[in-house]
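Chains, contacts and geometry: an overview
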Amino acid sequence: MNLKMLFEHIRVDTPLIAMIVVVIISAVGVIYSKHLSRNEFIQLQQLEKQRDLLNEEWGRLLLEQSTWGSPSRVEQQASRRLQMIVPKADMTVVIKP
C-alpha cells in the first residue's frame, strides 16, 4: 500500500515539476534575450557615433575641397606656379574652318 501511495504522489507532483522546469527555462530565455538586446543596442550606439564622426569629417573634407578648388585659387596658382596669364585681345587668334 505504501508503494502505491508513493507512485500516486509522484504522478501528482510530475506536472508541477514539469511546470517549474518550463518556467525556469522560460526565465532563462528571457534573461538571455534581454542580454542580447542590450549588446545589440550598445553596438548600435557605437555605430551611430562612428557614423556621426564620419559625417563631420565628410563635411570638413567638402569644405576643404571647395576651398582648394575655388576659381580664384586656381587662377592664383596658375599665374604663380605656371606663369600663366589671361590672354589679351591682341593675343587671341580666331581660326575659321
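Since we're looking at a predicted model, the values are computed, not measured.

1. Comments concerning the overall build of the chain
Secondary structure assignment for the chain yields two helices and zero strands. The buried share among the 97 residues of the chain stands at 3%. A total accessible area of about 9,600 Å² is found for the chain, and carbon and sulfur atoms account for 67% of it.

2. Observations concerning the UniProt feature "coiled-coil region" (unreviewed entry) in the chain
The feature "coiled-coil region" (unreviewed entry), as annotated in UniProt, sits at residues 37-64 in this numbering. As annotated, residues 37-64 has a helix share of 100% and a strand share of 0%, and its two end C-alpha atoms lie 41 Å apart.

3. Some points on a nonpolar patch on the surface
A cluster of nonpolar side chains, contributed by Leu16, Ile20, Ile24 and Val28, occupies part of the molecular surface with about 370 Å² of accessible area. Secondary-structure assignment places Val28 in helix H1 (residues 2-68).

4. Remarks on unusual backbone geometry
Leaving glycine out, the prevailing phi sign among residues is negative, and the prevailing peptide bond configuration is trans. Of note in this structure, Gln83 is not a glycine but carries a positive phi near 50 degrees. Along the polypeptide, Gln83 turns up in the segment after helix H2 (71-81). Given a relative accessible area of 61%, Gln83 falls into the exposed group.

5. Quick look at the pattern of salt bridges
Counting across every chain of the model gives one salt bridge. Across the salt bridge formed by Asp52 and Arg51, the nearest N and O atoms sit 3.2 Å from each other. Judged by relative accessible area, which is 46%, Arg51 ranks as partly exposed.

Each value, and the rule that gives it
Residues numbered from 1 in each chain as written. Predicted model: local features only at pLDDT ≥ 70, side-chain atom pairs only at ≥ 80, totals over all residues. Heavy atoms only, no water. Helix = DSSP H or I, 4+ residues; strand = E, 2+ residues; numbered from the N terminus. Buried < 20%, exposed > 50% of the residue type's maximum accessible area, 1.4 Å probe, protein only. Areas by Shrake-Rupley, 256 points an atom, 1.4 Å probe, with all protein chains shown as cover. UniProt positions renumbered as here; feature names shortened; annotations may be inferred. Patch = residues over 30% accessible without salt bridge, like charges linked within 9 Å, V, L, I, M, F, W, Y side chains within 5 Å. Salt bridge = Lys/Arg side-chain N within 4 Å of Asp/Glu carboxyl O.

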